Amino acid sequence: MTNAQLGLILFSILGFCGFLALGAFLGKIVTPGKLVTFAGIVALVAVFCFSIFAAYYFITLPK
C-alpha cells in the first residue's frame, strides 16, 4: 500500500472518532440508540468502500 492509501485509512479512522466524539458531546440531543445506528451505518459504508477498493486493487494487481 502506498503512503497516500495509508493516510486515507488513517484520516478515515480519525474522522470516525471525531464523529463519535461529537455524538458524545451532543449526548442530550442524540440518544444512544441513534448514535449506535449512526456508527453502524458509517461502519457499513466503510466496509462496503473497502471491499470495492480491495477488489479493484487485486484485479488490477500487476502480474
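Residues numbered from 1 in each chain as written. Predicted model: local features only at pLDDT ≥ 70, side-chain atom pairs only at ≥ 80, totals over all residues. Heavy atoms only, no water.

### Side note on the packing of aromatic side chains
Right, so step 1: Considering all chains together, one arrives at four aromatic pairs under this definition.
Right, so step 2: When the ring of Phe 50 is compared with that of Phe 53, the centres are 6.4 Å apart and the planes differ by 45°; the resulting orientation is tilted. You can see Phe 50 and its partner Phe 53 sitting in helix H2 (residues 32-59), three residues apart, about one turn around the helix.
Right, so step 3: Taking relative accessible area as the criterion, Phe 53 reaches 28% and is therefore assigned partly exposed.
Right, so step 4: Measuring from centroid to centroid gives 5.4 Å for Tyr 57 and Phe 58, while their planes differ by 75°, and the two rings are edge-to-face. (Phe/Tyr/Trp six-rings, centres within 6.5 Å; stacked < 30°, edge-to-face > 60°. Helix = DSSP H or I, 4+ residues; strand = E, 2+ residues; numbered from the N terminus. Buried < 20%, exposed > 50% of the residue type's maximum accessible area, 1.4 Å probe, protein only.)

### Here we look at the packing of helix H1 (residues 3-25) against H2
Right, so step 1: Between H1 and H2, whose axes approach to 10 Å, the crossing angle comes to 170°. Between H1 and H2, the angle falls in the class roughly antiparallel. Contacts between H1 and H2 involve Gln 5, Phe 16, Phe 19, Leu 20 and Gly 23 from the former and Leu 35, Phe 38, Ala 39, Val 42 and Phe 53 from the latter.
Right, so step 2: Looking at the contact of H1 with H2 residue by residue, the class counts come to eight nonpolar, two polar and no charged. (Axes fitted to C-alpha atoms, helices over the stretch in contact; angles between N-to-C directions. Parallel < 35°, antiparallel > 145°, perpendicular 65-115°, else oblique. Contact = heavy atoms within 4.5 Å. Nonpolar A, V, L, I, M, F, W, Y, C, P; charged D, E, K, R; others polar.)

### Observations concerning the environment of Lys 34
Right, so step 1: Following the sequence through the fold, Lys 34 ends up in helix H2.
Right, so step 2: Overall, the relative accessible area of 54% leaves Lys 34 in the exposed class.
Right, so step 3: Expressed as a C-alpha distance, the spacing of Lys 34 and Leu 22, which sit 12 residues apart in the sequence, is 13 Å.

### Considering the environment of Gly 15
Right, so step 1: Mapped onto the fold, Gly 15 is located in helix H1.
Right, so step 2: In this structure, the C-alpha to C-alpha distance between Gly 15 and Phe 25, residues 10 residues apart in sequence, is 15 Å.

Purely geometric stuff here, so don't read any function into it on its own.
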